[in-house]
Amino acid sequence: MIARNEQKKRDIWDLGSIYESQKEWERDFQKLNKEIKKCEKLRGRMKLSLDDFHFVLESLESAYKKAESLSSYAFLSYAADGTDEENQLRLGRIESLTSRLQSALSFFEPELLEMNENEISAYLKEKRSAPYRVFIKKTLNEKKHILSEKEEKLMSYYSPLSSQFDDAFGDLNDIDLDFGWVNGEKLTHSTFPKFLRSEDRSIRKEAYEKLYKEYEDHQHIISRLYAGSVKSDIFKAKARGYKSSLERALSPDRIPIRLYYNLIEQIHNAFPHLHRYYSIKKKVLGVDDLRHYDVYVPMAKEEKGFYPYEEGVKMISEALSPLGKEYVEVLTKGLTTERWVDRYENKGKQSGAFSSGGYKGNPYILTNYEDTLISSVFTLIHEGGHSMHSYYSSKNNPFMCYSYTIFEAEVASTFNERLLTEHLLANEHEKEKRKFILSKELDDIVATLFRQTMFAEYELKMHMDAENGIPVTAAHIREVYRKLLEDYFGPEMNFETISDLEAMRIPHFYRAFYVYKYATGISAAISLSEKVLNGGEKERNDYLSFLKSGGSRYPLEALKKAGVDMASGEAVKDATKHFARCLDEFESLL
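Residues numbered from 1 in each chain as written. Predicted model: local features only at pLDDT ≥ 70, side-chain atom pairs only at ≥ 80, totals over all residues. Heavy atoms only, no water.

### Here we look at helix α13 (residues 257-269)
Then comes step 1: Taking 1.5 Å of rise per residue, 13 residues should cover 18 Å, and α13 covers 19 Å from first to last C-alpha, within 8% of that figure.
Then comes step 2: Listed in full, the buried residues belonging to α13 are Leu-259, Tyr-260, Asn-262, Leu-263, Ile-264, Gln-266 and Ile-267. (Helix = DSSP H or I, 4+ residues; strand = E, 2+ residues; numbered from the N terminus. Expected span 1.5 Å × (residues − 1). Buried < 20%, exposed > 50% of the residue type's maximum accessible area, 1.4 Å probe, protein only.)

Spelled out as structure tokens, the structure:
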């Protein structure tokens, strides 16, 4: 593997849109340090007059802007080469400084809520309030759950402690657990998926058994950590006056609880399609008994082709043409001449892929592109969707309300993948290649819609049980999770005694009620992509207006204006119908 300094200039991102040099970063760091000291003296000032109120908001905005740019540059530098000591030090320094900033500004929300409503209403009518109007209104909407300044400070002290369950699990999971070797190669979280996709069933079985044997040996300590995480969620919900930990998680985005239950209900209604998928997979694999370690083998092989980066960008441009000339030109330049992308693997570089966009600078993309795999093109168009969402959000909104929610984030990325899938299917008539494209679409929907809903249902059950006084133990975790495995995978599946230990290895469970957003995201993306592909200028503009809305609206409102009502559950139902249609075509090609 090559070193970072051996990469070609065109193949690595240009962070100059954030800071042109480390010296410039250092200057802003020192400026923020001074601003934090000034912020510490703002306590009580916003109550004096509307001018003082405005000054506090300007100070808050200035500090947060600098903190975002400093953090973004430090994080991206570290992601590109985590072995560089300067990158490590820079990231640690800004994390410490932003923690100080949060503490210095802990007075803001409690003082805002104590202000006279007539004074706030008068300020919101002023022209100068425009950049802060949405931010203030959203803050006030959570008024009944914001505590006094003293209580908020106590909660800020507790916050680092609450993350210890996640941190401890991460250390155990990523560092301490030793899964051994399989077929002469070290078994790790990174190599496990590769082993499960092996055509050699004995390798799949060996990797599966060795991995879960390690979780079985540590099941009690892991269940203790998860129990602590659940109790922490319940404490924070009760402390802020929510009826449940689910309500607390959904409230800031104004997501109705019925949406969560509708998602689970619609997926249960689609179990016949999901079970048929596993029945077809059993047939394709040619096994007498389908095992849990069999289901990740693709139903169609990806034939290695040649998709050099430039060719991949060309395919992406063609696939996204329904979104119009401006969208395609901006993204194409970003992927090529403007160097948004860090393209290839190097020593110390983070694995996988992500998009990271801020208010200042380009919406950067990290990927580890492989020119023999079409999946690399899918990854690039996926992250390109995130980046264009960030691009439009920052260009069309004030800083204090430009950032979109996680609920909306997966829509833009999955939407782009859908357009690429439809583009490939429209231009590919060879049977085996169509089988692969459909197989990938089916596997992606199972992973993102069905599996994430299963995870979401598990989180709901565990938190509800804990809130009703049922202890979170290893035995209870396994009992609940095994029942879900049996429900979702259906009658074709034969589970091992250790299969329910999968519940012990999912890091997302330590950030409760997060995973359902993947399922709603892909549902919205499927619905909106069909509207754009089958519609005209109005449907395209409605979708682009969603990308431009940023954080100026609540997510359900923004998506409704784009053309999909997520609260009704219809989008999820439509996504399951799309899955069934793809399954029908795939089966017809066998």
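Once you've had a look at it, read on.
### Things to note about unusual backbone geometry
Then comes step 1: Although it is not a glycine, Asn-183 sits at a positive phi angle of roughly 55 degrees.
Then comes step 2: Residue Asn-183 is classed as exposed on the basis of its relative accessible area, which comes to 60%.
Then comes step 3: Look at Arg-339: it is not a glycine, yet its phi comes out positive at around 55 degrees.
Then comes step 4: The topology assignment puts Arg-339 in the loop between α16 (325-335) and β4 (341-342).
Then comes step 5: Its relative accessible area of 16% is what places Arg-339 among the buried residues.

### Thoughts on the packing of helix α5 (residues 117-125) against helix α6 (residues 133-141)
Then comes step 1: With their axes 10 Å apart at the nearest point, α5 and α6 run at an angle of 155 degrees to one another. In terms of orientation, α5 and α6 fall into the roughly antiparallel class. You can see that α5 and α6 cross each other, and the crossing is left-handed. For the pair α5 and α6, contact is made by Ile-120, Tyr-123, Leu-124 and Lys-125 and by Arg-133, Ile-136, Lys-137 and Leu-140, respectively.
Then comes step 2: Looking at the contact of α5 with α6, its residues break down into five nonpolar, no polar and three charged. (Axes fitted to C-alpha atoms, helices over the stretch in contact; angles between N-to-C directions. Parallel < 35°, antiparallel > 145°, perpendicular 65-115°, else oblique. Left-handed = near helix turned anticlockwise from the far one by under 90°. Contact = heavy atoms within 4.5 Å. Nonpolar A, V, L, I, M, F, W, Y, C, P; charged D, E, K, R; others polar.)

### Side note on the side chain of Ser-549
Then comes step 1: Position of Ser-549 relative to the elements: it lies in helix α22 (residues 537-549).
Then comes step 2: Polar contacts involving the side chain of Ser-549 include one to the main-chain carbonyl oxygen of Phe-546, which spans 2.7 Å.
Then comes step 3: The contact partners of Ser-549, leaving out residues within four places of it in the chain, are Asn-397 and Ala-558. (Polar contact = N/O pair within 3.5 Å; in protein donor to acceptor, adjacent residues only side chain to side chain.)

### Here we look at the sheet that holds strand β5 (residues 354-356)
Then comes step 1: Overall, mixed pairing links the three strands, which are arranged β4-β6-β5 in an open sheet. Both edges of this open sheet fall to β4 and β5, since each of them pairs with a single strand only.
Then comes step 2: Relative to strand β6 (residues 364-366), β5 is paired through three bridges, and the arrangement is antiparallel. Note on β6: the bridge partner recorded for Ser-355 is Ile-365. (Pairing = 2+ DSSP bridges.)

### Section: a positive patch on the surface
Then comes step 1: Taken together, the side chains of Lys-34, Lys-37, Lys-38, Lys-41 and Arg-100 make up a positively charged region of the molecular surface.
Then comes step 2: Considering every element that reaches the positive patch, the biggest residue donor is helix α1 (residues 22-39), with three residues. (Patch = residues over 30% accessible without salt bridge, like charges linked within 9 Å, V, L, I, M, F, W, Y side chains within 5 Å. Areas by Shrake-Rupley, 256 points an atom, 1.4 Å probe, with all protein chains shown as cover. Salt bridge = Lys/Arg side-chain N within 4 Å of Asp/Glu carboxyl O. Lys, Arg positive; Asp, Glu negative; His and termini not counted. Charge placed at Lys NZ, Arg CZ, Asp CG, Glu CD.)

### Focus on helix α3 (residues 85-104)
Then comes step 1: Taking 1.5 Å per residue as the helical rise, α3 with its 20 residues ought to reach 28 Å, and the 29 Å between its terminal C-alpha atoms agrees with that figure.
Then comes step 2: Of the residues making up α3, those classed as buried are Asn-87, Arg-90, Leu-91, Ile-94, Leu-97, Leu-101 and Ala-104. An end-on view of α3 places all buried positions within 140 degrees of arc, on one side of the element. More than 90 degrees from the buried face of α3, the exposed residues found are Glu-85, Leu-89 and Glu-95.
Then comes step 3: Of the surrounding secondary structure, the elements contacted by the buried residues of α3 are α1 and α2 (50-80). (Arc of directions from axis to C-beta.)

### A word on the environment of Phe-586
Then comes step 1: In this fold, Phe-586 is placed in helix α24 (residues 570-589).
Then comes step 2: Put simply, Phe-586 and Leu-442 are 144 residues apart on the chain and 9.0 Å apart in space, counted from C-alpha to C-alpha.
Then comes step 3: Excluding residues within four positions of it along the chain, Phe-586 makes contact with Ile-280, Val-284, Met-299, Ala-300, Lys-435, Leu-438, Ser-439 and Leu-442.

### What about the packing of aromatic side chains?
Then comes step 1: Evaluated as defined, the whole model comprises 39 aromatic pairs.
Then comes step 2: Measuring from centroid to centroid gives 6.2 Å for Tyr-327 and Tyr-392, while their planes differ by 25 degrees, and the two rings are stacked. With Tyr-327 in helix α16 and Tyr-392 in helix α17 (residues 374-396), this pair connects stretches of sequence that are 65 residues apart.
Then comes step 3: By the ring-pair criterion, three or more aromatic residues cluster together here, those being Phe-169, Tyr-226, Phe-455, Tyr-458, Tyr-481, Phe-509 and Tyr-510. (Phe/Tyr/Trp six-rings, centres within 6.5 Å; stacked < 30°, edge-to-face > 60°.)

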